[in-house]
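Structure assessment
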Amino acid sequence: MSDTLPHGGSPHIFAKTFGDCVMSITLTVTKDGAVALGPELLEHLGVEPGEALDVDLDPCGKISLSAARPEGSRNDERPRGRIEDTFGMLHHLANGPAPTIEELNDVIADGWAGRR
């Protein structure tokens, strides 16, 4: 059963729960346009008060928040952009024409049979 209840003692944070699990949280935007993230959300994101967040905007009107990582850190290489941006990214590894579907099926069959 899903309930929507005030969350974390704040009148501006509401959580949808399923049993003991918080599934989603609704935040209220203040008159100044601010949104407060409670301690549980900050902990979930792995950030402390005063640290930066990355905000990714989606064309459908949604946002995604994640902890901002310094330039050059390992997590700075997370996927961004469109799926189309990945097409052809392995082209430099190809030697000749792409394999046919029959050739791919043979390779798969050999792999399942333990021959590769």
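In short, a report on the structure. (Residues numbered from 1 in each chain as written. Predicted model: local features only at pLDDT ≥ 70, side-chain atom pairs only at ≥ 80, totals over all residues. Heavy atoms only, no water.)

1. Observations concerning the environment of glycine 46
With respect to the secondary-structure elements, glycine 46 resides in the loop between helix H1 (39-45) and strand E4 (53-57). Expressed as a C-alpha distance, the spacing of glycine 46 and alanine 68, which sit 22 residues apart in the sequence, is 9.8 Å. (Helix = DSSP H or I, 4+ residues; strand = E, 2+ residues; numbered from the N terminus.)

2. Focus on the pattern of salt bridges
Applying the stated criterion across every chain, the model contains one salt bridge. The residue arginine 115 makes a salt bridge to aspartate 110 at a minimum N-O spacing of 3.0 Å. Residue classification places arginine 115 among the exposed positions, given a relative accessible area of 59%. (Salt bridge = Lys/Arg side-chain N within 4 Å of Asp/Glu carboxyl O. Buried < 20%, exposed > 50% of the residue type's maximum accessible area, 1.4 Å probe, protein only.)

3. Looking at the layout of surface pockets
Taken as a whole, the largest pocket spans an internal volume of roughly 190 Å³. Lining the largest pocket, in full, are Leu27, Leu37, Leu41, His44, Leu45, Ile63, Ser64 and Leu65. Every element with two or more residues in the lining of the largest pocket is listed here: H1 and strand E5 (63-67). In the lining of the largest pocket, the residues fall into six nonpolar, two polar and no charged. (1 Å grid on protein atoms, 1.4 Å probe; cavity = no way out; pocket = protein on both sides within 12 Å on 5 of 7 lines; lining within 4 Å. Points joined across faces, edges and corners; volume = space filled by probe spheres on them. Nonpolar A, V, L, I, M, F, W, Y, C, P; charged D, E, K, R; others polar.)

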